[in-house]
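# Fold and geometry: a report
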Amino acid sequence: MNSSLARFLLLAASTLFLLSLPTACERAEPISYKIPKEDRLVDMPGAVAQAPQTPADPAANKMQVLPGMEEAAAQAGELSYTTPEGWEALEASGIRKANLKVSDAHGSAELTVLAFPGDVGGRLANINRWRAQIGLEASKPEDLPAYTEPYSISGHGGLYIRLEGLEQSILGGLLPFHGFTWFFKLQGNRETVLANEAQMKIFLDSVRLEDDHH
Amino acid sequence: MKTLFTFFSSLKLTVVLLSFSMVLIFFGTLDQVHYGIWHTQKLYFESFLVVWAYPQEAPAYEQLFWLRIPMPGGYLLGGMLFLNLLAAHLTRFQLSTKKIGIFLVHFGLVLLLVSELLTDLLAVESQMPVDEGGRSHYSQSYRDNELVLIDRSHPDYDQVHSIPATLLKPGERVDVAESTLSVRTLSYYPNAALGRATSGTPLETAANRGVAVKMGIVVTPQAETYAEDDINTATAYVEVFNGEDSLGIWLVSNVIDERFPPQIVQSGDQSWEIALRFTRQYYPFEIELIDFSHDKYPGTEIPFNYSSEVMVHHMEDSTKSQKALIYMNHPLRYEGHTFYQASFANQDKTSILQVVRNPGWLLPYISVLLMGLGMCVQFGMHFFKFLGKRS
């Protein structure tokens, strides 16, 4: 009996030791310490204009180009399209396949075309990413029909997406095409985007993707 | 008491616990797709209980969305295994020379379990980017943030008052260490997108001081990301008080960093720089990057070596200064910290070192040695007994 008591005590002690460990680790507390004098890199307010984190167009802020992205995008092939009336063609650079801009009295909107290998996380994930960019809550799969419709792009079955945010809106096309997913996204001022819906459809209808599989 | 002891020392318990561990690893691996390794580790292995939910992308989600599987987490399983092993030892094993090998193996295993727990609790990881020709004396976390108020008025040093971001809870007021200031958090976003308010729309901001007002910055909260190569833009609106006087409300975010003019909190003739930044750890030594090499196999883009040639300058004791070459599997161990070659940037001009402080780093080595030794002893004894019998 005595030895079993000793064993129990030992067991209890080690349990206590184990349970006390998580509380023994460093607690988050306000602290104060001295460091050698630092030189601020930027003290001139003028330098702020070049600060890369807050470009005038928030849409440009969203895409972080990771290593390998450009190469992957380059494999998707090229596309041809007609620039709708009143839209301005910008230079496509980096991972962008095409880049257009439209402005009106309300503001401006930018159209970007991107292509990535695979399904890039799936239809819903990508649409929810766009929704988040204009401050909308993530959507459930059963709500998709409310703002998407099947749409033929370059003769293949794609999806047309219409997202209205408070300040910004997105009109988009999404097309799985020979192992790649193409994203056509018009994003910008809410009114500008919505006023250009007809033009956006004209643009999507004009898109022809390079197709070496037929 | 006896039944409790029989329960903890039973071999059946070991089998059940090991089976649960396999289940945990299986579901943990499944969920790694959503959360990345870091969050999965927290969720599954550094917890007592975990509930697995049927994933959205899986087939028949519409029918099975309600499916939840609760299971014991890593701490619970590890702890139970630890007790199980200990209890089994106390009941079954007598310390005799015959059993010394088995004893060593099990002791090594217990030590391994303890060292894992210690690593979980005590290890701190951070990153130190250094430019070629440049020096750095601090590293920064890539997940944890701190709110800092820096007093630069002293000619010899800067005084940093830091509040961990985990204490920034909306509505709560936190006293700033070693000062009369306190900070009340209005809102805190673990991740957010910051942008300029477009012309024409009114600027909606809680801030009344600093860069948010001057540049018209608006905040759009975002879902937290767990991806490995993504960072969360922690952002907060904070009100600073000196005693009971409000000094203003600032927008702080870890992207409003050195590229921006400092945000200044002014009270009388005293001033502090305020910023939310990745938690920094300062060292009493500087690491100078002499050269970073990124060697490729000739004629290809395939790398075969990344290495950083560094000089460590100790600020207080120059005899401790030393040169080192850090490369794959050859970290620099210095003053309780380990510096690994982690990454590089800036066209091979910046090397990024991973800094790990793990007080228990030696324990796994010892435990593996003990287990190896135990096995050698045990099998060796049998082997020599067998040889003896034959002759």
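First, a word on what this report is: a plain description of the structure on this page. Computed from a predicted structure; not experimentally measured.

### Description of the overall build of chain A
Across its full length, chain A holds five helices and ten strands. Taken across its 214 residues, chain A has 42% of its residues classed as buried. Long-range contacts, defined here as pairs at least 24 residues apart, represent 53% of the contacts in chain A between residues at least 6 apart. About 11,600 Å² of surface is accessible on chain A, with carbon and sulfur atoms providing 55% of the total.

### Here we look at the pattern of salt bridges
Residues and elements named next belong to chain A. For the structure shown, the criterion picks out 22 salt bridges over all chains. Between Lys97 and Glu78 there is a salt bridge; the shortest N-O distance is 3.7 Å. Here Lys97, found in the loop between strand S3 (88–90) and strand S4 (98–103), pairs with Glu78, found in the loop between helix H2 (69–74) and strand S2 (79–80); they are 19 residues apart in sequence, far enough to count as distant. Given the relative accessible area of 42%, Glu78 is considered partly exposed. The partner of Arg190 in a salt bridge is Glu164, with the nearest N and O atoms 3.4 Å apart. Taken together, the residues span a long stretch of sequence, with Arg190 in helix H4 (residues 190–195) and Glu164 in strand S7 (residues 156–164) at a distance of 26 residues. Taking relative accessible area as the criterion, Arg190 reaches 25% and is therefore assigned partly exposed.

### A closer look at the pairing of strand S18 (residues 350–357) of chain B
Residues and elements named next belong to chain B. Among the eight residues in S18, seven count as buried, and that is most of the element. Bridging between strand S3 (residues 124–131) and S18 involves eight bridges; their strand directions are antiparallel. The residue bridging Val124 from the neighbouring strand is Arg357, located in S18. Sheet analysis places strand S17 (residues 337–345) next to S18, joined by seven bridges and oriented antiparallel. Looking at the pairing, Ser343 lines up with Ile352 of S18. Linking S17 back to S18 in an antiparallel pair, the connection comprises four residues, with Asn346 at a positive phi of about 60°.

### As for the packing of aromatic side chains
The geometry of an aromatic ring pair is captured by two quantities: the separation of the ring centres and the angle between the planes. Under the defined criterion, the tally for this structure stands at 27 aromatic pairs over all chains. Taking the centre distance of 6.5 Å and the plane angle of 65° together, the rings of Phe184 of chain A and Phe203 of chain A count as edge-to-face. Residue Phe184 of chain A is found in strand S9 (residues 180–189), and its partner Phe203 of chain A is found in helix H5 (residues 197–206); the two are separated by 19 residues along the sequence. Taken as a pair, Phe184 of chain A and Phe203 of chain A share a single burial class, namely buried. Here the aromatic rings of Trp52 of chain B and Tyr54 of chain B are separated by 6.2 Å at their centres, their planes lie at 80°, and the arrangement is edge-to-face.

### A closer look at empty space enclosed by the protein
Residue and element names in this part refer to chain B. Counting across every chain of the model gives two cavities of 30 Å³ or more. Taken as a whole, the largest cavity spans an internal volume of roughly 40 Å³. Listed by contribution, the elements that provide at least two residues to the lining of the largest cavity are S3, strand S13 (270–296) and S18. When residues in the lining of the largest cavity are grouped by element, the largest group, three residues, is from S18. Class assignment of the residues belonging to the lining of the largest cavity gives a composition of four nonpolar, three polar and one charged.

### A look at the sheet that holds strand S6 (residues 173–175) of chain B
Each strand in a sheet pairs with its neighbour through backbone hydrogen bonds, running either in the same direction (parallel) or in the opposite one (antiparallel). Residue and element names in this part refer to chain B. With respect to topology, four strands assemble into an open sheet ordered S6-S7-S10-S11, the strand pairing being antiparallel. Bordering the open sheet on either side are S6 and strand S11 (245–253), each of which pairs with just one other strand. For this sheet, the mean inter-axis angle between neighbouring strands, taken without regard to orientation, is 25°. Bridge count for strand S10 (residues 235–242) against S11 is eight bridges, and the pairing is antiparallel. For Thr235, the partnering residue across the bridge sits in S11 and is Ser253.

### As for the sheet that holds S3 of chain A
Residue and element names in this part refer to chain A. Here seven strands make up an open sheet; going across it, the order is S3-S4-S5-S9-S8-S7-S6 and the pairing antiparallel. The open sheet has two edge strands with one neighbour each: S3 and strand S6 (148–153). Pairwise comparison of adjacent strand axes, ignoring direction, gives a mean angle of 25° for this sheet. Examined bridge by bridge, S3 and S4 share three bridges and lie antiparallel to one another. Across the sheet, the residue bridging to Glu88 is Lys101, located in S4. The sheet strands contacting H5 are S4, strand S5 (108–117), S6, S7, strand S8 (168–177) and S9, and the helix crosses S6 at an angle near 40°.

Calculation rules
Numbering of residues starts from 1 in every chain and runs along the sequence as written. Naming scheme: in the order in which they are written, chains are lettered from A and ligands are numbered from 1. Selection of residues for local features in this predicted model requires a pLDDT of at least 70, selection of side-chain atom pairs for listing and counting requires 80 or more, and totals for whole chains, interfaces and linings are taken over all residues. With hydrogens and water excluded, all non-hydrogen atoms of the structure serve as input to the side-chain values. Strands are runs of DSSP state E lasting at least two residues, helices are runs of H or I lasting at least four, and both sets are numbered from the N terminus onward. Summary of the burial criterion: residues with accessible area below 20% of their type's maximum are buried, those above 50% are exposed, and those between are partly exposed, where the area comes from a 1.4 Å probe applied to protein chains only. By definition in these notes, contact holds between two residues if any of their heavy atoms fall within 4.5 Å. Only the protein chains shown count as cover for residues, and the accessible areas themselves come from Shrake-Rupley with a 1.4 Å probe. Here a salt bridge means any side-chain nitrogen of Lys or Arg lying within 4 Å of a carboxyl oxygen belonging to Asp or Glu. When DSSP locates at least two bridges between a pair of strands, those strands are taken to pair. Only rings of Phe, Tyr and Trp enter the pairing, Trp through its six-membered ring, and a pair is recorded when the two centres are within 6.5 Å. The plane angle decides the type: under 30 degrees is stacked, over 60 is edge-to-face, the rest tilted. Here the term cavity refers to a set of points on a 1 Å grid, laid over the protein atoms alone, in which a 1.4 Å probe fits but cannot get out; the term pocket refers to an open set having protein on both sides within 12 Å along at least five of seven lines, with lining residues being those that place an atom within 4 Å of a point. Grid points are joined across faces, edges and corners, and a volume is the space filled by probe spheres set on the points. Under this grouping Gly is polar, as are all residues other than the nonpolar Ala, Val, Leu, Ile, Met, Phe, Trp, Tyr, Cys and Pro and the charged Asp, Glu, Lys and Arg. Fitting a line to C-alpha atoms yields each axis, with helices limited to the stretch in contact; the angle taken between N-to-C directions then spans 0 to 180 degrees.

Honestly, that's just the spatial picture; any functional story needs more than this.
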